[in-house]
Structure formats: structure tokens, C-alpha cells
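Okay, here's what each chain looks like letter by letter:
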Amino acid sequence: MQNTTATPAGAATTDEFEFSLNGEWVRVAGERPTTTLLDWLRRSGRTGSKCGCAEGDCGACTVALVERDAAGRPAYRAINSCITLLPMVASREVVTIEGLARGDELHPVQRAMVEHAGSQCGYCTPGFVMSLFEAYHRRDVTQPCQINDQLCGNLCRCTGYRPIRDAAVAVLAGRGDAGEGDGLAGAPLEALHYASDGEKFFRPTSLAELFALKKRHVDARLVAGATEIGVELNKKFKRFPVLISTEAIGELTRIHSTDAEWRIGAAATLTAIEETLAAEYPSVAKMLAVFASRQIRNRATLGGNLVTASPIGDGAPVLLTLDASLVLASTLGERTLPLHEFFTGYRQTQLRPDEVMKEIVLPRGAVGKEAGGTRRVDFQKVSHRRELDISIVAAAFCVELDAGGVVRHARIAYGGVAAMPLRARRAEAAAVGKTLAGGAAEVSGLLRAEFTPIDDVRGSAAYRRGVVVALWEKFVAGETSLAVDAAPTFASCAPWPIADASRALRHESAIGHVTGRARFVDDTAQRRPMLEVWPVLAPHARARITRRDATVARAFPGIAAVLMAEDVPGENNVGVSRHDEP
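These numbers were taken from a predicted model, which means no experiment stands behind them.

Chemist: For this particular structure, what's the right way to read the packing of helix H2 (residues 108-115) against helix H3 (residues 125-136)?
Modeler: The geometry of a pair of packed helices is captured by two quantities: the angle between their axes and the separation between those axes. Contact pair H2 / H3: the axes reach a minimum separation of 9 Å and the direction vectors enclose 130 degrees. With respect to H3, the element H2 is oriented oblique. At the point where H2 passes H3, the crossing takes the right-handed sense. Judged by residue contacts, Pro-108, Val-109, Gln-110 and Met-113 of H2 engage Thr-125, Phe-128, Val-129, Leu-132, Phe-133 and Tyr-136 from H3. Of the residues belonging to the contact of H2 with H3, the class tally is 8 nonpolar, 2 polar and no charged.

Chemist: Honestly, the pattern of salt bridges in this entry has me stumped. Any pointers?
Modeler: Should the charged atoms of two oppositely charged side chains come close, the side chains can pair. As enumerated under the stated definition, the model contains 44 salt bridges in all. The shortest N-O distance in the salt bridge between Arg-27 and Glu-16 comes to 2.5 Å. Taken together, the residues Arg-27 in strand S4 (residues 24-29) and Glu-16 in strand S3 (residues 16-21) connect sequence positions 11 residues apart. Overall, Arg-27 belongs to the exposed group, its relative accessible area being 52%. Classification of Glu-16 by relative accessible area gives buried; the value is 14%. Salt-bridge contacts for Asp-456 lead to Arg-458; the nearest nitrogen and oxygen are separated by 3.1 Å. Residues joined in a network through salt bridges with shared partners are Arg-32, Asp-197, Glu-199 and Arg-239.

Chemist: Would you take a moment to explain the environment of Asp-69 for this structure?
Modeler: Tracing the backbone shows Asp-69 in the loop between strand S5 (62-68) and strand S6 (74-80). Overall, Asp-69 belongs to the buried group, its relative accessible area being 7%. Residues Asp-69 and Arg-27 lie 42 residues apart in sequence; the distance between their C-alpha atoms is 27 Å.

Chemist: Sorry if this is basic, but what is going on with the nonpolar core here?
Modeler: Side chains of a nonpolar character, in soluble globular proteins, are inclined to be buried together. Among the nonpolar cores identified, the biggest contains 44 residues, and Leu-306, Leu-339 and Ile-360 are the most heavily contacted of them. Looking at this core, the elements that each hand over two or more residues are strand S13 (261-265), helix H9 (270-277), helix H10 (282-289), helix H12 (302-307), helix H13 (315-321), strand S14 (325-330), strand S18 (356-363) and strand S20 (393-401). A per-element tally of this core places H13 first, with 4 residues. Ignoring anything within four residues of it in the chain, the contact list for Leu-339 reads Leu-306, Ala-316, Leu-319, Leu-320, Ala-324, Ser-325 and Leu-326.

Chemist: Explain the sheet that holds strand S7 (residues 93-95) to me, please; I cannot follow it from the model alone.
Modeler: Within a sheet, each strand pairs with its neighbour through backbone hydrogen bonds, oriented either parallel or antiparallel. Reading across the sheet, the 5 strands line up as S4-S3-S7-S5-S6 and stay open at both edges, with mixed pairing between neighbours. With partners counted over all chains shown, the strands left at the sheet margins are S4 and S6, one partner each. Sheet twist, expressed as the average angle between the axes of neighbouring strands with direction ignored, equals 35 degrees. As judged from the 7 bridges shared by S5 and S6, these two strands associate in the antiparallel manner. Paired with Leu-65 across the bridge in S6 is Arg-77.

Chemist: What is the right way to look at the state of the cysteines in this model?
Modeler: A disulfide bridge is the covalent bond that connects two cysteines by way of their sulfur atoms. Taken as a whole, this structure holds 0 disulfides when the rule is applied. As a non-bridged cysteine, Cys-152 has Cys-145 as the owner of its nearest cysteine sulfur, 12 Å distant. What makes Cys-152 buried here is its relative accessible area of 13%. This cysteine, Cys-156, is not joined by any disulfide, and Cys-124 carries the nearest cysteine sulfur, 3.8 Å off.

Chemist: Looking at this structure, I do not really get the side chain of Glu-199. What am I missing?
Modeler: Looking at the element boundaries, Glu-199 is found in strand S9 (residues 199-203). Engagement of the side chain of Glu-199 in a polar contact is seen with the side chain of Thr-34, the distance being 2.7 Å. At 3.4 Å, the side chain of Glu-199 and the side chain of Arg-239 are in polar contact. Sequence-distant contacts of Glu-199, defined by excluding residues within four places in its chain, comprise Arg-32, Pro-33, Thr-34, Tyr-194, Arg-239, Phe-240 and Pro-241.

Chemist: Would you take a moment to explain the confidence of the model for the protein for this structure?
Modeler: Low-pLDDT stretches of the model should not have their predicted coordinates read in fine detail. Looking at the protein as a whole, its pLDDT mean stands at 92, while 95% of the residues score no less than 70. For residues 6-10, every residue scores under 50 in pLDDT, and the model assigns this stretch 6 contacts once sequence neighbours within four places are set aside.

Calculation notes
Residues numbered from 1 in each chain as written. Predicted model: local features only at pLDDT ≥ 70, side-chain atom pairs only at ≥ 80, totals over all residues. Heavy atoms only, no water. Axes fitted to C-alpha atoms, helices over the stretch in contact; angles between N-to-C directions. Helix = DSSP H or I, 4+ residues; strand = E, 2+ residues; numbered from the N terminus. Parallel < 35°, antiparallel > 145°, perpendicular 65-115°, else oblique. Left-handed = near helix turned anticlockwise from the far one by under 90°. Contact = heavy atoms within 4.5 Å. Nonpolar A, V, L, I, M, F, W, Y, C, P; charged D, E, K, R; others polar. Salt bridge = Lys/Arg side-chain N within 4 Å of Asp/Glu carboxyl O. Buried < 20%, exposed > 50% of the residue type's maximum accessible area, 1.4 Å probe, protein only. Core = buried A, V, L, I, M, F, W, Y, C linked by side-chain atoms within 4.5 Å. Pairing = 2+ DSSP bridges. Disulfide = S-S within 2.5 Å. Polar contact = N/O pair within 3.5 Å; in protein donor to acceptor, adjacent residues only side chain to side chain. pLDDT = per-residue confidence, 0-100.

Right, dumping it as C-alpha cells:
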């Protein structure tokens, strides 16, 4: 029987809920609210979805969630189940790798992966299949660069990407009239007050209810897509006794416009923003193209990117150059604050404890643009890899020039070079009244001294200082590069030209890989009681171990045994070429 208790807001707190899984409604009861969807799937025997990184980087855990696109139509969205909290899917539709095939009849994506030898070890294959499943139902995915973007959140370490891309090209070319929302309900989200094991998860449907919950639970953490909180749970082992979701609040998720501005709900996903207005703002589109991965953008929000106040967040520099402002709301009313006044220090903002970010406001058109003038914008990101990486330096530029090429308005902003994202105000002032080329040297000199760059493992302060200037000079010169500025593409190749009967053979485990039926060791462990073995290593290389004490470890809940060298029969020698030295 469902256990419910009344709450002051009139809703009911429950310890169970339902959601649609592969077309059938399933019940969840007694699970901790911070349990991830992936952990629940695997514990319940649905082991096709894999755990690789537990932070949304590898894509092995990808499943499809039914959402609404920017036009309000139901659509499949690939998401990382390893950082999706279980209560987030309450009353929603989820499709996993086990739900694609109909008996022995494979889904077209699965069949294409088999026919094009798209798997080798098969561990990452379910994630690739689910990402391609979303692409199969996206009418806009037709070009190689779009296929690359769809798959950039999935890592493969043994098969190689060529056969996977070949499978994508083939299945997308032959999909016919497959539509985004065919047969999907995509019902509006319902309110949820879920509690279990000492934790609570609330999903209000209005701002008024959100404010009431914040007042009752002053230490509650707001959560939208959990792309950060999920990592904090899995990697930092943080606890969140009370979470309040913003996903079902229409005032926070809608995107609308007037002739003068766009108003973006703080809880609107990056994918929704991309679909709605990226074409109008080229620098926003370029930023989103290198923002994490498709799976992350399907869940992450622009408001979340801003309120975390990370100095390396990619959203802030672009918005600073577009003169964005923020609408902050509380029970006392609303106030509008320019974005450049929002950040006050390292991960600190002007957001009061009783406030939430309601909207991001973007002006439309050029500010003060004269007849015959032009506007130039750009976003540039320097990182160790193009996708799914943290910025070393992120830069955004917006300048307006009159008919004579003189700068009349300038905005220059950076992330990763200070404790918070900042505009280069002295450099901006120096650029106005001159041509870009004429003022470039002076601006470069000011930029060298305008910031005190951070110094960390991604890049030294001296390196960042040089990059700050180099990115400005690249913008002035109008230089572009295939690696950074062009959409990554590929050329489709014809089948292997050599006639060889062996090439017609298919991987004997391919069908198991693409359906999730292939079992790996941990998949078997989910189905019967088993122990895990974890090696404990010395914190220092080549150190002499003078003492070992396992008393605390042996008393720790869940520890079955601690084995020392003397517990292993035979000779204590793990060396290959030298005695006892690995």
C-alpha cells in the first residue's frame, strides 16, 4: 500500500511513484531520492545500460527520455542515466536499450550497427545505439557534422568510430518518415513530493509552491537536470537531504520573445535554447556547439550554468557580451539585474537565499547600431579537447562598427582567467572610437594587465595571459581554423573494395551487444549476491610500508573481509621482470 502524509501545501508526500519504462508502467518504492536511474535499472536486472564514468562523460549509460521540443511536440531525448536522479523520471516515459527490439526483430538502428560491424567488445554499444535512436527520430539530423554532434557524448575505445558512423549514415538515410514524436504522449509533468530513507525530493508545478517549499526547507538544494549534482553524488559522495526540482514550473522553463528581447526561463534546457534562438545569436550557437555533449545539453540549463558561478562556465562570457540581464524572483517580487553585476566572487553571486533565478533576458538586435553599420560576434574556447571538456580560457566578443568601420560599441568577456567571468572594461573603452585594426595593439596591451589569471592543472597563469591576448588578436584578424571554428565532419566511404568472404561475417556477439542482452561480469553480479574486490594502494609510489592496520576497515559496514599479503597462499611476488615489483 502507498504510504502518504499530508503536507502544509496540500499535496501528499509519498514513498513511491510510477513511470513508463519501455512502454510499461513500473513502480518505484522505498528508494532513496538520490538514487540514480542507472543504479535502479541495473539493480532491477535491466543491465543493458552500462556504467563507465558515473559523471556523464562516456555515454555508456545513455537512455531516451520523452520530452517536449521547442515547438511543444513530444520528442525522444538521449540522456545520461548515471547522473539522472530516479524521482526525476516519475510519471515520464523512458526507453532503454532493452525496449528497442521487438522479439527477434531489431530496431533499424540496432540492425545497422550489426550490419556495419559497429561493435567489438560491446560495452559502449548500448549507449551508441540509444544516441542514434534519438537521431533516428530527429528530422534535422542529416549531415555528417550533425551525426558527429549526436555521438560526441559517446566514447568507444576499441571498435573505432568509422563503422559506427557508417551505421549512422545508413540508418538515417533509410529512415523514411520516422518522426520525432510519433506515438508519444509527453504528458505535462505532475507535482511530486517523494520521501524515503531520510531524504526528500519535491517537484512543484508553480513558483508559489517553490517559494513555500524553500521557506519550509531552508537548506534545500534546487535541481534542474542534475548534470552537476549527479557528479557531486557519484564522485564527491555528497549528501542532499532535500532537493527541489524546477523542471515542472512553467514560469522557469518557457522561452518567449518580443520585438525587443528574448526571455529564457532559467530552467529551460540548453537544447531548447539551441532549437529556439541559436540561429539569431551566432556566438550563442557556437558556444552551445562545444558545450559538453548532446546528452548533457538535453538536461543542463542556462540558469544552472550561471548560478553555480563557476569561473570556467561557458555560458557567462557570451551572455556578458550580449548585455544579458537576469530576473531574480522571490515572494517579495522580482528584480532585474545586469549579468555583469551578478557575480561577486569565486562561486558567489548576488542571489539572495529567498530568491531564484527566473529568467535570462537577451536584447534583440544591435545596441546603438547605425544605418550601414555591421555587428561582429564570436565565441572562442581553448580546451584540451573540443567536446566534453572544461575551458582553459573562454572568450566572447561583440563589436558594432559604423559604415566607416569605426567601433561604436564593444563588449569583451572572458572565463577562466579570474575568480569569476568578467568583462574587460578598460579594453572595451579603448576599442571604441577606432577601427578594429587601429585599436588592436592598445587593446592587446590592456588585456595583458586587465586580468589576474588562475593557475591550475589545466594551464598556468602565464599561458592563460597569453591566450587572452591571442584570442582577441584572432578575432580582430578574422582568422578561423578547421579544428576550432568549423563543424567537425567526415567523408562517407564506400564499402571495402576487396571481395573477401570473411568480411561478410558478422560479430557473433553483435546482436547481444546492440540489444543489451550480452552480459558482462558486473551484469551477472547484479543478478546474484557477489562480493567486489577493491585493491588498496599506498598513497606514495615506492614508499617503504612500515605499518598496516585494517581495524577500522574491518569494522566498516559492508566490508566482508580485508586480505593482507599473509592471507594469500604461496609466494608473495607480484613482479614480472623484477622480484615483487610490478
